[in-house]
Amino acid sequence: MFRFLSKVIAAVAVTAAAGLAAPGLANADVPSEQVYVCSAAGTIHFQITGPNQSGNNTQSPTNVVPAGTCYYLQNWWWQKGATLVVAFGSSPTPASSWKSFPFKIDSKSNAAWHQVQVNCPSCGDNVGTNYN
């Protein structure tokens, strides 16, 4: 019985440690903010790359934003004051046709969320704006 119980406790400890090491997850006491991406003119797929709340460079999974809506990257915290990059395109997997632009979360922001507006993946000019 003791061996079984110690194995269960060890498995729980390993599972908890693995959950804490997830790349984008954090708590709100660190200088970081979550990001949401909005698409005004077409359905897009996107990824965010940059330093997370611990300063480790990481990349979000690919997500989809239907035209006229926003996608909230919940539980992914990005370092305030750092430059991040949003890459996006109409194809569901990252490709050379994807466009990208840098954006920065203001280090003095008190907001929980930072908006990134992607205007049109097929437009070469004004591809995006970031709002705080």
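Residues numbered from 1 in each chain as written. Predicted model: local features only at pLDDT ≥ 70, side-chain atom pairs only at ≥ 80, totals over all residues. Heavy atoms only, no water.

A. Structural view of the overall build of the protein. Along the backbone of the protein there are one helix and 10 strands. Scanning the protein from its N terminus toward the C terminus, one meets helices and strands in the order α-β-β-β-β-β-β-β-β-β-β. Excluding contacts between residues fewer than 6 apart, the proportion of contacts in the protein whose partners are at least 24 apart in sequence is 61%. Working note: accessible area of the protein is about 7,500 Å², and carbon and sulfur atoms make up 57% of it. (Helix = DSSP H or I, 4+ residues; strand = E, 2+ residues; numbered from the N terminus. Contact = heavy atoms within 4.5 Å. Areas by Shrake-Rupley, 256 points an atom, 1.4 Å probe, with all protein chains shown as cover.)

B. Broad picture of the nonpolar core. Counting residues in hydrophobic clusters, the biggest one holds 17 residues, and the most contacted among them are Val37, Phe46, Ile48 and Phe103. The set of elements that each furnish at least two residues to this core consists of strand 1 (32–39), strand 2 (44–51), strand 7 (83–89), strand 8 (99–104) and strand 9 (113–118). Beyond its immediate sequence surroundings of up to four residues, Val37 is in contact with Ile44, Phe46, Ile48, Val65, Thr69, Cys70, Tyr71, Val116 and Val118. (Core = buried A, V, L, I, M, F, W, Y, C linked by side-chain atoms within 4.5 Å. Buried < 20%, exposed > 50% of the residue type's maximum accessible area, 1.4 Å probe, protein only.)

C. Focus on the side chain of Ser39. Examined against the element boundaries, Ser39 turns out to sit in strand 1. Within the structure, the side chain of Ser39 is placed 2.3 Å from the backbone oxygen of Gly42, a separation counted as a polar contact. (Polar contact = N/O pair within 3.5 Å; in protein donor to acceptor, adjacent residues only side chain to side chain.)

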